[in-house]
Amino acid sequence: MKPVPHATSLRRAPVQRRSAERLTRILDACADLLDEVGYDDLSTRAVAQRAGVPIGSVYRFFGNKRQMADALAQRNLERYSERVTRRLKGARRGDWRAAVDAVLDEYLAMKRTAPGFTLVDFGNQIPVGARDAEPNHRVADRLTDLLSGYLDRTPDDDLRRTFLIAVETADTLVHLAFRMDPEGDEKIITEARELLRAYLGRVLD
């Protein structure tokens, strides 16, 4: 099972600090507007106005709103990886249960607090309602690379497959939890955590 390459939606990568800060403002505005108006009513012009940049600055980086949302999804994955990494610094090395808690808890925290995350997350909901499998492959690959050293495991095909199954399962159950309750149904989340531990325990114990 080969790792899925990380997607990039940028027409042109920022080189100077000023350009990078402008890109950050554009993605922040995109995230805020997704929460306010949804994906269907999102427009590059509205993003430019909210970000306080000329419309040409948006088109410098993105050809359309889909590319902009894709870039937001990639940024979400980068930030998620950073959060999981920070969380595991305080955990005992090799403790896969702590790793599962970190992976699930940080995802839930972003689901509840990160602007635009409910509609975009890591790309699964673009456009809203679509269920493209590739983002979950990217998440599973990122977690395999991130956790293999912490767990003293070889990031081989078997481990990638194991994490892919875990990610697909968690994704489905977490979305169910948030359909049942805007803040995430705690009973469903508890069941999801127990299910993940039971499955991963067969492989990682």
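Use the structure listed above.
Residues numbered from 1 in each chain as written. Predicted model: local features only at pLDDT ≥ 70, side-chain atom pairs only at ≥ 80, totals over all residues. Heavy atoms only, no water.

(A) View of the side chain of Arg160. By the element assignment, Arg160 lies in helix 8 (residues 157-180). Here Arg160 falls in the buried class, since its relative accessible area comes to 8%. Only 3.4 Å separates the side chain of Arg160 from the side chain of Asp141, close enough to count as a polar contact. (Helix = DSSP H or I, 4+ residues; strand = E, 2+ residues; numbered from the N terminus. Buried < 20%, exposed > 50% of the residue type's maximum accessible area, 1.4 Å probe, protein only. Polar contact = N/O pair within 3.5 Å; in protein donor to acceptor, adjacent residues only side chain to side chain.)

(B) Molecular detail of helix 1 (residues 17-37). Here helix 1 is 21 residues long and its end C-alpha atoms lie 30 Å apart, about the 30 Å a rise of 1.5 Å per residue gives. Taken together, the buried positions of helix 1 are occupied by Ser19, Leu23, Ile26, Leu27, Ala29, Cys30, Ala31, Leu33 and Leu34. Where the residues of helix 1 are buried, they touch helix 2 (44-51), helix 3 (55-61), helix 4 (65-88) and helix 6 (117-120). Note on helix 1: the residue one or two positions beyond its end, Gly38, has a positive phi of about 85°. (Expected span 1.5 Å × (residues − 1). Contact = heavy atoms within 4.5 Å.)

(C) Structural view of the nonpolar core. Counting 38 residues, the largest nonpolar core has Tyr80, Leu88, Phe122, Leu143, Leu147, Leu151 and Leu200 as the members making the most contacts within it. Within the residue set of this core, elements represented by two or more residues are helix 4, helix 5 (96-113), helix 7 (134-150), helix 8 and helix 9 (186-204). The element contributing the most residues to this core is helix 5, with 10 residues. Setting aside chain neighbours within four positions, we find Leu151 in contact with Gly94, Asp95, Trp96, Phe163 and Leu204. The next biggest cluster of nonpolar side chains, apart from the first, holds 24 residues, and it includes Ile26, Val53, Ala69 and Ala73. (Core = buried A, V, L, I, M, F, W, Y, C linked by side-chain atoms within 4.5 Å.)

(D) Looking closely at the packing of aromatic side chains. Within the structure shown, the criterion is met by 6 aromatic pairs. Centroid distance Tyr80 to Phe122: 5.1 Å. Interplanar angle 45°. Geometry classified as tilted. Here Phe122 lies in the loop between helix 6 and helix 7 and Tyr80 lies in helix 4, a separation of 42 residues in the sequence. Exposure class is identical for Tyr80 and Phe122. Each is buried. (Phe/Tyr/Trp six-rings, centres within 6.5 Å; stacked < 30°, edge-to-face > 60°.)

(E) Representation of the packing of helix 1 against helix 2 within the structure. Two numbers describe how helix 1 lies on helix 2: the axes approach to 8 Å, and their chain directions differ by 115°. The way helix 1 lies across helix 2 gives a crossing that is right-handed. On helix 2, the residues touching Arg25, Ile26, Ala29, Cys30, Asp32, Leu33 and Glu36 of helix 1 are Ala46, Val47, Arg50 and Ala51. (Axes fitted to C-alpha atoms, helices over the stretch in contact; angles between N-to-C directions. Left-handed = near helix turned anticlockwise from the far one by under 90°.)

(F) Main features of the packing of helix 4 against helix 5. At a closest axis distance of 9 Å, the pairing of helix 4 and helix 5 adopts a crossing angle of 135°. In terms of axis orientation, helix 4 runs oblique to helix 5. The handedness of the crossing between helix 4 and helix 5 comes out as right-handed. Residues Asn76, Arg79, Tyr80, Arg83, Val84, Arg87 and Leu88 of helix 4 lie in contact with helix 5, whose contacting residues are Ala98, Ala99, Asp101, Ala102, Val103, Asp105, Glu106, Tyr107, Ala109 and Met110. By residue class, the composition of the contact of helix 4 with helix 5 is 10 nonpolar, 1 polar and 6 charged. (Parallel < 35°, antiparallel > 145°, perpendicular 65-115°, else oblique. Nonpolar A, V, L, I, M, F, W, Y, C, P; charged D, E, K, R; others polar.)

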